[in-house]
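If you want the building blocks of each chain, they are given just below.
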Amino acid sequence: MPEFRGLRFFKDHCTPATGLLADGHELLLNGLPIRILSGAVHYFRVLPEYWRERLLQLKACGLNTVETYVAWNLHEPLPGKFNFENGLNLRRFIEIAQELDLFVILRPGPYICAEWDFGGLPSWLLHDPGMRVRTTYQPYIDAVDRFFGRILPMVADLQFTKTGPIIMVQVENEYGAYAADSQYVDVVASLIRKHNIVELLMTSDGYKDFDHGRATDVWMTVNDQHNMGEVLDQLAAAQPDRPLMVMEYWSGWFDHWNEQRHTIPVEQYAKELSAILSHGSSVNIFMFFGGTNFGFMNGGNNGLSSGMEYEPTITSYDYDALVSENGEITPKWHRTRHIFETFGLLATDLPQPPVWKEPVSYGHVQVSGWLPLSGIQTVMPKINSKQVVPMELLDYKQGYGQSHGFILYERDIPNVDGSLTIEKVCDRAIVLVNGEEKAIIEYVAGRNNTIQLKKSEQQRNMNRLSLLVENMGRTNFVRHPKTLDDQRKGIVGTVTFNSEVLSDWIITPMEFQEREVQEIAKMSAGWNSDPFGAACPALFRLQLDIAGEPADTFVDMRGWGRGVVFVNGWFNLGRYWPSAGPQQTLYLPAPVLKKNNVILIFELHQALAGVNFTKEHLLTSL
């Protein structure tokens, strides 16, 4: 068996470095043949305290490279306002890979798909009513240029031909499926070069999409999961006399709410990986480690698997990968290592994987209080608007609109029987009258969203109408001729009552920003102590006390309705919806915890008197 040939081996072979070349039938790095054996680990889907551990697991499996996307919408939450701190410190993630002698494949987008909200694009792009993303529309290109102008120079010195581990950089992502602008991919490539990237550029597409995903003089790679020998033959035919690489060999699959969990049997996975290696191809296993769609960052699809118009992705991004969501090595990890050994690709001097720390059950914790929707609103801004508007067009956050979470539309209506019609709901609306739930409306294209409201039995002239709309995650992937330009959330269009268009609304953007959640956690007034008297939607508070060093755990939400969990006033674990499945528990990583922890649960429909903290992750439908 060979010794591990990583970054240092190839650096020492040639000075100055000549970088990775994809000419001829094999990849050459500093003039030496190289087989890239890569695994995908997205730095933004795992806490930074676990970065080194995941990368050590990757190297111990026999891989020599880590691949990561870059999430534009996390790094630039508002135009020109950037964040590279803590879990968004991309540079530090790459430096850890370098310390472990690993190469890095960087995929900076601007679009990444990734089952991530809006495919990684920032929502503020949609504040422009004429926006055409993933095209040469100049305001979009200007925004991409600004983003690349910050992120790429930040890591430029970490390129292989400089001092670092980055051996290649991807141009856009799977553009052949989108195919909205024939000039666009070349423009993105030129922007990457403009901002000091000198390493090998590549694209990645499905084998049916090569023609529309190409960029001039840019190496093509392929993404797929089935019949990989035939897929690679297609790549060879489309790009003769150049090396083969599968940029995304899908080790498992992602899940939507209201579906059974998707898994790929180990034998099937092993068969296709062996086919890839038998073709002499390099490979990036997508995902090596999936992680979690923390916060409101999950994406969604348009009829990808079920034929439904809209399919939001669950919080877990376990992906049935080689390493589970909470860091446990799976049978696929062991099988991958065995396959590499069979092909003579497993180095003899690999490290042992880090010792995995098992999750802990902290038991049942009682709800200590609840805060009604009106109390939550006291820490959030209220905006007067003549008409209902979607999140992205709201005059909020320096005029660039709301990005995530919920949006509440309120006004009074006459206390009479009547028909309420909402033109378009994106994605799920709870209709409340005087604080009482009357209906739930979910997005279905072309559906008449009309409900009948009854006159209140109370003696009153007016009723309070509240429409609480959840943004369940912007679609991250569509095929031509569809576009992503319609991903505005909230109410799109008008609201009528008895055929009269309703105007003069009070709109509350409910993003649950960190400062808002912290303020709620510190509030003493407004909380009720009897959980059985709670009227949802409401916020529920629990106190989790831990003796000793905190460990990973899972929040078991079975019996609750639907909502979001916050920990210690700053960390959003993500959404739960146990009745829809397949996800029943939320992963709570140890670094978020301390000795005394405040848990807040924003529940939309149905609460219990407490929550169980368990060591078992339940990813199976009820």
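Residues numbered from 1 in each chain as written. Predicted model: local features only at pLDDT ≥ 70, side-chain atom pairs only at ≥ 80, totals over all residues. Heavy atoms only, no water.

**Overview of the overall build of the protein chain**
Along its length, the protein chain carries 13 helices and 34 strands. Taken against the 2.2 N^0.38 rule, which gives 25 Å for 622 residues, the C-alpha radius of gyration of the protein chain at 25 Å falls within 12% of a compact globule. Dimensions of the protein chain along its principal axes, counting C-alpha atoms only, are 85 × 55 × 40 Å. Across the 622 residues in the protein chain, those meeting the buried criterion constitute 61%. (Helix = DSSP H or I, 4+ residues; strand = E, 2+ residues; numbered from the N terminus. Rg over C-alpha atoms; globule rule 2.2 N^0.38 Å. Buried < 20%, exposed > 50% of the residue type's maximum accessible area, 1.4 Å probe, protein only.)

**What about the packing of helix α10 (residues 266-278) against helix α11 (residues 331-342)?**
For the pair α10 and α11, the least separation of the axes is 10 Å and the interaxial angle reads 30°. One element, α10, and the other, α11, form an angle in the roughly parallel class. Both α10 and α11 take part in a crossing whose hand is right-handed. Across the interface between the two elements, Val266, Glu267, Tyr269, Ala270, Leu273, Ser274 and Leu277 of α10 pack against Pro331, Lys332, Arg335, Thr336, Ile339 and Phe340 of α11. Residue classes in the contact of α10 with α11 are distributed as 8 nonpolar, 2 polar and 3 charged. (Axes fitted to C-alpha atoms, helices over the stretch in contact; angles between N-to-C directions. Parallel < 35°, antiparallel > 145°, perpendicular 65-115°, else oblique. Left-handed = near helix turned anticlockwise from the far one by under 90°. Contact = heavy atoms within 4.5 Å. Nonpolar A, V, L, I, M, F, W, Y, C, P; charged D, E, K, R; others polar.)

**Looking at the sheet that holds strand β5 (residues 65-69)**
Strands pair in a sheet through their backbones, by hydrogen bonds, and they do so in one of two ways: parallel or antiparallel. An order of β4-β5-β6-β7-β8-β9-β10-β11 is seen for the 8 strands of this closed barrel, with the pairing classed as parallel. The mean inter-strand angle of the sheet, taken between neighbouring strand axes irrespective of direction, is 30°. Relative to strand β11 (residues 282-289), strand β4 (residues 37-41) runs parallel, the two being bridged by 4 bridges. Bridge pairing links serine 38 to asparagine 284 in β11. (Pairing = 2+ DSSP bridges.)

**Quick word on the environment of valine 155**
If you trace the backbone, valine 155 turns up in helix α5 (residues 138-155). What makes valine 155 buried here is its relative accessible area of 1%. Separated by 11 residues in sequence, valine 155 and isoleucine 166 place their C-alpha atoms 8.8 Å apart. With sequence-adjacent residues up to four places away left out, valine 155 is seen in contact with Leu90, Arg91, Ile94, Leu106 and Ile166.

**Points about the pairing of strand β20 (residues 436-442)**
In this sheet, β20 lies alongside strand β19 (residues 428-433) in antiparallel orientation, the contact comprising 6 bridges. Of the residues in β20, the one forming a bridge with alanine 429 is isoleucine 441. Linking β19 to β20, which pair antiparallel, is a turn of 2 residues; within it asparagine 434 sits at a positive phi near 55°.

**So, the packing of helix α9 (residues 228-238) against α10**
Following both chains from N to C, one finds α9 and α10 inclined at 35°, their axes separated by 8 Å at the closest point. Between α9 and α10 the crossing geometry is right-handed. Two secondary-structure elements touch here, α9 through Met228, Gly229 and Leu232 and α10 through Glu272, Ala275 and Ile276. Class assignment of the residues belonging to the contact of α9 with α10 gives a composition of 4 nonpolar, 1 polar and 1 charged.

**Observations concerning the nonpolar core**
Soluble globular proteins: nonpolar side chains tend toward being buried together. The biggest cluster of nonpolar side chains holds 140 residues, and the ones touching the most others in it are Tyr140, Phe288 and Ile601. With 9 residues, the single largest contributor to this core is α5. Setting aside anything within four residues of it in sequence, one finds isoleucine 601 in contact with Ala538, Leu539, Phe540, Leu542, Met557, Trp560, Val564, Val565, Tyr576 and Val611. By size, the runner-up hydrophobic cluster in this structure holds 28 residues, among which are Val388, Ile441, Val469 and Phe497. (Core = buried A, V, L, I, M, F, W, Y, C linked by side-chain atoms within 4.5 Å.)

**Here we look at the pattern of salt bridges**
The full count for this structure, using the stated rule, is 30 salt bridges. A salt bridge links glutamate 95 to arginine 91, with the nearest nitrogen and oxygen atoms 3.1 Å apart. Of this pair, glutamate 95 and arginine 91 both sit in helix α4 (residues 90-99), 4 residues apart, which is roughly one turn of the helix. Exposure remark for arginine 91: the relative accessible area of 24% places this residue in the partly exposed category. (Salt bridge = Lys/Arg side-chain N within 4 Å of Asp/Glu carboxyl O.)

**A look at the sheet that holds strand β21 (residues 450-453)**
The 4 strands are arranged β21-β17-β25-β26 in an open sheet whose pairing can be described as antiparallel. In the strand order of this sheet, the two ends are held by β21 and β26 (500-501), each with one partner. Here strand β17 (residues 418-422) runs beside β21; their pairing, made up of 4 bridges, is antiparallel. By the bridge assignment for β21, glycine 418 is matched with leucine 453.

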